[in-house]
Every structure is written in C-alpha cells, then in structure tokens.
Amino acid sequence: MCLVPGGHQQVLDAMYHQRSGHERTRFQRLVYDLERTSDNYKEDVNMKTAVMSFFNAVISYGPGQDHLEFRMHLRFELIMLGILPVLENLRSLENCTLDRHLTFFEIMRLKDEKELASRFETVHIDMESAASIVEALESKLAFTQSYPHFLSILQHALLLPLTSTAWQLLDQLSQQLPLETDDRSIHDYDLGLPNIHTSVHHLEDSEDANGGTSERLQYLEKMNSDLSKQLSEIQQQLRESTFGKESLCQSLDLVNTVLDRETTEHMATMQKHAELCEVVKQLSIEKSASLGKLTALSAEDSVVPSPAAPAAPPPPPPPPPPGPPVPPPPQPPAGAKLSTPSAKSTVSHVPDVLLPSPKRNLPMPTTPLKSFNWSKLPETCVQGTIWTEMNEEKVYNNLNLAEFEKTFSAYQRHDVSSSEDFRRHTLKKTKELSIIDGRRSQNCTILLSKLKMSNAQVVAAIIDMDRDDQISKDLCEQMLKFVPIPEETAMLEEHSQAVTSMARADGFLFEMSRIVHYEERLKALCYKKKFSERVADLRPKLDAVRQASKEVYRSKRLRRLLEIVLAFGNYMNQGQRGNAIGFKLDSLNKIVDTKSSVDKNVTLLHYLVETIERTFSDVLHVTDDLQHVKIAAKARS
C-alpha cells in the first residue's frame, strides 16, 4: 500500500484515526505487538516480521525517500515508544528474515543520525539524551537570531504543568513544524491546529522588515568569528611554544647524559694513570736494586787471593751507583689542572651535580671493574623504603677490596712474578677487554670454536643467507641464544674504539650487533634450514587429515548416528530451541551433561548407546569407516 501513489499518506492517516483513545501515538499498538510473546513461535516470528516490514516501508517510502526530516520525524515517534530495547530482544529469536528487517532498520537509523549530526558540525548526537540534544542545539544556535527564541522555549517549558496534556500538545506542535516547508509533498496527519504554514511565512516577512537588526546581528556574528580565529591562532602559538620547551628539555637531558659518561671515562683514565705511575716506580726501584747487586758481584770477582800469603781482607766494595730518576708522569692535556692522581683530586674535578653526598664515604676502585647491570632507584623513590635504613659504608671494612678488584677487573690479567717476566708478557700478548657476563662469554667462545669461521665470514654468511651452506642447522639454532641484548649492545658501543683488544666472544657480539635486523635475519636463516624437514614431517599428517576428511564425508554410519542424536534433541527441546535442522558438532560433548531423572548415574549418553545396541546395531561399527580419524586427530599445527 505504501508503494501505491497516494497510498502512503492514506496509511498514515488511517493509523492516526484508528488508534484508541488511551494510546499516546498511532504506532503504540504495533510496538506492543513487537514486545509481547506467545507460546506459538512460528506465529510470533511471522507477526513481528510483518510489523518490522511495515515500519521500514513507512519510513523509507513516500516523502521519506527524499526528505531526511520526514524519516527522522517518524523514527522519533517510534523511539518515544521505546522501540530500541524491543529490537535488541528480537535478535534472540534467531530468524533470518526478521534479522534482515532489524538490520535494515538499524542501518537506516544510523545513516540518518549521522547525516543529521553533520548539519550540527559534529560526529554523533545521542538521540536518547536530552543533555546531548540541548548541547547540539545550543552550539548551533549560539550568536544567531534564533537563540533568544530557543532560550525562551526552554524557559516556558519550565512553567508547563506536569500533566501529559500540555506536553502532548507541545510534542504534536514540534512534530508538525519541521514538515512545514515550501514543499507540500511533506505532510503528515492534520492536528487540527491553526495554519502553521501561514504563521511561519508571516514571521519571515516580519523579519525581512527588520533588516537593520539583521545586519547588526550579522556584523556581531562576523566579529565573533574573527575573535574565534584569533583565539585559535594564539592557542596554536602556545602549543608550538610548549613543544619547543619540551625539545629544549630533551636536549638538556641528552647533554647531561653525555656529561655523565665523559666524567666517568675521565675518572677511569685518571685511575689508570695512577696505576701506571705506580708500576713504573716499582720497576725503577727493582732495576736500581738489581744493578747494585750486579756491581757488588763484579767487584768480588775482580779480587783474586795470593796462594803463599794469607789473604788480606778485601777492600770494601764501592757503593752501588744510584738508579736512574723516576720518569715524570705524562703531561696532562691543555686546560687540565691535575696535582696528584689521588681519588680526592679526581673527584674535585667532577661537576657539582655528580658529587656524592658528603655523608657517604665510599671507597673508589683503583682499576676499572666490570659493570653490574642493575636498575638504580632514583632518590625520589627511596623515601619510605628499607633502603633509607641501610648503610653500606660499614660493610667495606670487612671486605677484601684488593681481591675483589683482581677478581672482577675489566681487563683479563695474568700474574707476573718478576719485572723481566712482566716485560716479556706485555710483548707477547696484549690485554683482552671483556665486558659481557663471564658465563655467557665462555659459552659463546665454545660456540665460536665449533663454528670455525671468522667474524667477517659469519657476517657475510648472515647477509647472503648462508648461500654456501657454511652454518649447520644446529649451530644456527645455537647462535640464536647469543643475539646481543640492548644492554650488551650499549656497553660494546661505548668501547667500540678498543675493538681490537676485545675478547673473542665480545668481538663476535660487537660485529653481530652492527648487522641491521640481525635477529630477524638469523631467525629467517634457521627457518630456511628447517623448512625441508618440516615439510617432510607435515606431509604424512596432511595425507592423514585428507583421508580422514573423505572417510567422515562418506560414512553412512556416522550420518545415521548424527540423525539419532538430532532426533533425540528435537524431541527433548520444545519451543524455540526445538525444531532444529542440525547442530554444532561440539554439542556431542554435552550429551553426558543430561542426566536421567530416575537414576542420576545414567546420562543421555548411556541411553543413546543402549538404543543403538538394541535398534541400530550396524552403527556400532562406525569406527570401521573412520580408521584414519585417530591419526588425523593427532596432527597439530
């Protein structure tokens, strides 16, 4: 009827005139029919499908084909009757035809609400929230001629009595006003009110006569727009200034970090300088003592006693010549004032921000030590914890710091018994710099001994994805255990200038850390080497799954078993859950959950097996049709 020319208007008029006196609107009876349910599932679905089909036709045809106002006008009337929660409940009926009508109604509603919200320069307006609607109207009407009238409507609404008659009249009037346009095709039922269309035109003519006021309002609106634009520019400048401040703070943090690192390196250099001076001084003393002994022995050998006369007492040996003077320490760089290489003078050159608290007297190591990768707590996070009650200064009195430095020195040393052995050792082998953990370094060295490739060859093999197959599958998997972690990469990068002095494992990790996406490349290489093996392992499983699928599809006994279960299910489930055409296979696991009302130890599964043994004995041989299913079930991705 809605598709026939003129039929749409007749349907709306008939709905209005046929409503009962106690009904608020013409669609109240239909919304009530959607909400109520009966014991007949099929009749309920048919009736609700017809009502939803009618609602969609009334809204989308007639004037609703071209006019958003008309569609929203009818839809608002349904929303007032509370149709939205009713539609959510209809989804539980699980009927395809009804679901299509519900989906169409929801899609058209969201589309129209989005188009209406775009007129108010926003994304969404909650049509069920009075606050959201008032906010949208206020933002749209602000600084316009209509705002005083909008405010007056709200003010007078406060004066209306709480009886439904006054509000119903105001509702009907507001429903008719959006449809009073020059296009007379948009028309709904007649409310019996004065000619609103004529009144609207009369008001428009009066506004044209007051042209001066309109121009003044336009001028004020333009001024408001300019002020808003200036405010936006000022806010943009403020955001840019804030961003500049954040950039300066980041730069300052970076400078502080660099200063901390350089100060630490300077302190380590001063400590090494003091150590070398002590070694040179000790060597000079040993050399002087050795030369004195050598001179004394030479003088004793030069005096030969006479065989006839008794030997006269030998003259006293000449005093040993003084040893060479101790060489002065190397000159400090220009601009540095270093008096003595003591810890006190060293700390005095550290900036104030790095000086420790005067209450803490912590000893300083005489040689660089290995790093302890802990996470240091800032002072602001220590307050109120057990750390404030601890004093490690007392612990140092009971520690053998010299042995500790020897054990955890950053350089790998070998004991030298004499100055000659020391010079010979330094000529044969240079010190090895070891930074990473000792256990990890040892395991990595064992791996490299099995790899039998130089660092350059390993890098080339990783880059070329081991084209010549130099790295075995097992070694490739082992190499994944020695991917440099970020902490190791940072420490190795700090000693990049001493790469030639690094230990074997440290040098290997340093070279690997310089390969872009090293871990991803190594994983891809391992996957490449294990690909053929995985394919060979999966092929029998795929064949078993394929064969099992054919057996399941062709088995007549399995079909008969499912038919029996379906028959029991439809018989037990009446109403909406019954009359099923099929069921999901995981429902078979729930058969055991249904227990007998006579004997709690008997389940539906027991009864099903007894029925098959008694009536469908051939189904008991269903396993003969599914010989490959057990094998296929063991296949996992």
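In what follows, the accompanying structure is described. Just so we're clear, the structure is a prediction, and the values are computed from it rather than from any experiment. (Residues numbered from 1 in each chain as written. Predicted model: local features only at pLDDT ≥ 70, side-chain atom pairs only at ≥ 80, totals over all residues. Heavy atoms only, no water.)

### Description of the overall build of the protein
The helix and strand tally for the protein stands at 24 helices and two strands. Counting only residues that meet the buried cut, the protein has 23% of its 637 residues in that class. At a minimum sequence separation of 6, the contacts of the protein that also span at least 24 residues come to 65%. Of the accessible surface of the protein, which amounts to about 45900 Å², a share of 57% is contributed by carbon and sulfur atoms. (Helix = DSSP H or I, 4+ residues; strand = E, 2+ residues; numbered from the N terminus. Buried < 20%, exposed > 50% of the residue type's maximum accessible area, 1.4 Å probe, protein only. Contact = heavy atoms within 4.5 Å. Areas by Shrake-Rupley, 256 points an atom, 1.4 Å probe, with all protein chains shown as cover.)

### Some words on the state of the cysteines
Disulfides are covalent bonds that link the sulfur atoms of two cysteine residues. Tallied over the full model, the rule gives one disulfide. Disulfide pairing places C476 opposite C526 at an S-S distance of 2.4 Å. Looking along the S-S bond of the C476-C526 disulfide, the torsion reads about -105°, which is the left-handed sense. Here C476, found in helix α17 (residues 473-479), pairs with C526, found in helix α20 (residues 518-554); they are 50 residues apart in sequence, far enough to count as distant. Residues C476 and C526 agree in their burial class; the two are buried. (Disulfide = S-S within 2.5 Å.)

### Structural notes on the side chain of K529
As for its placement among the helices and strands, K529 is situated in helix α20. Contacts of K529, omitting those with residues within four sequence positions, involve D466, D469, I471, S472, K473 and C476.

### Description of the packing of aromatic side chains
Scanning all chains against the criterion turns up four aromatic pairs. Ring geometry for Y147 and F150: centres 6.3 Å apart, planes at 45°, overall tilted. With Y147 and F150 both in helix α8 (residues 147-159), this residue pair falls three residues apart, about one helical turn. For F150, a relative accessible area of 11% corresponds to the buried category. Taken together, a centroid distance of 6.1 Å and an interplanar angle of 50° make the contact between Y527 and F531 tilted. With Y527 and F531 both in helix α20 and four residues apart, the pair spans about one turn of that helix. On the basis of relative accessible area, Y527 is assigned to the partly exposed category, the value being 45%. Taken together, the ring pairs in this structure connect F27, F54 and F55 into an aromatic cluster. (Phe/Tyr/Trp six-rings, centres within 6.5 Å; stacked < 30°, edge-to-face > 60°.)

### A short note on the environment of D112
Position of D112 relative to the elements: it lies in helix α6 (residues 96-119). Using a relative accessible area of 1% as the deciding quantity, one classes D112 as buried. Taking the C-alpha atoms as reference, D112 lies 9.9 Å from R75; in sequence the two are 37 residues apart. What D112 contacts, discounting residues up to four positions off in sequence, is L68, R71, M72 and R75.

### Focus: the packing of helix α3 (residues 41-60) against helix α4 (residues 68-80)
At a minimum axis distance of 8 Å, the contact between α3 and α4 shows a crossing angle of 145°. Where α3 approaches α4, its residues F55, V58 and I59 are matched on the opposing element by F70, R71, L74, R75 and L78. The residue inventory of the contact of α3 with α4, partitioned by class, reads six nonpolar, no polar and two charged. (Axes fitted to C-alpha atoms, helices over the stretch in contact; angles between N-to-C directions. Nonpolar A, V, L, I, M, F, W, Y, C, P; charged D, E, K, R; others polar.)

### Focus on a nonpolar patch on the surface
On the surface, W167, L170, L173 and L177 cluster together into a nonpolar patch covering about 320 Å² of accessible area. Relative to the helices and strands, L173 resides in helix α9 (residues 164-176). Given a relative accessible area of 32%, L173 falls into the partly exposed group. (Patch = residues over 30% accessible without salt bridge, like charges linked within 9 Å, V, L, I, M, F, W, Y side chains within 5 Å. Salt bridge = Lys/Arg side-chain N within 4 Å of Asp/Glu carboxyl O.)

### A look at the pattern of salt bridges
Within the structure shown, the criterion is met by 18 salt bridges. In this structure, the salt-bridge partner of R71 is D112, at a minimum N-O distance of 3.0 Å. With R71 in helix α4 and D112 in helix α6, this pair connects stretches of sequence that are 41 residues apart. Each member of the pair, R71 as well as D112, carries the same accessibility label: buried. The residue R109 makes a salt bridge to E106 at a minimum N-O spacing of 2.5 Å. Of the two residues, R109 and E106 both sit in helix α6, three residues apart, roughly one turn of that helix. Beyond isolated ion pairs, a larger network of salt bridges with shared partners links R71, R75 and D112.

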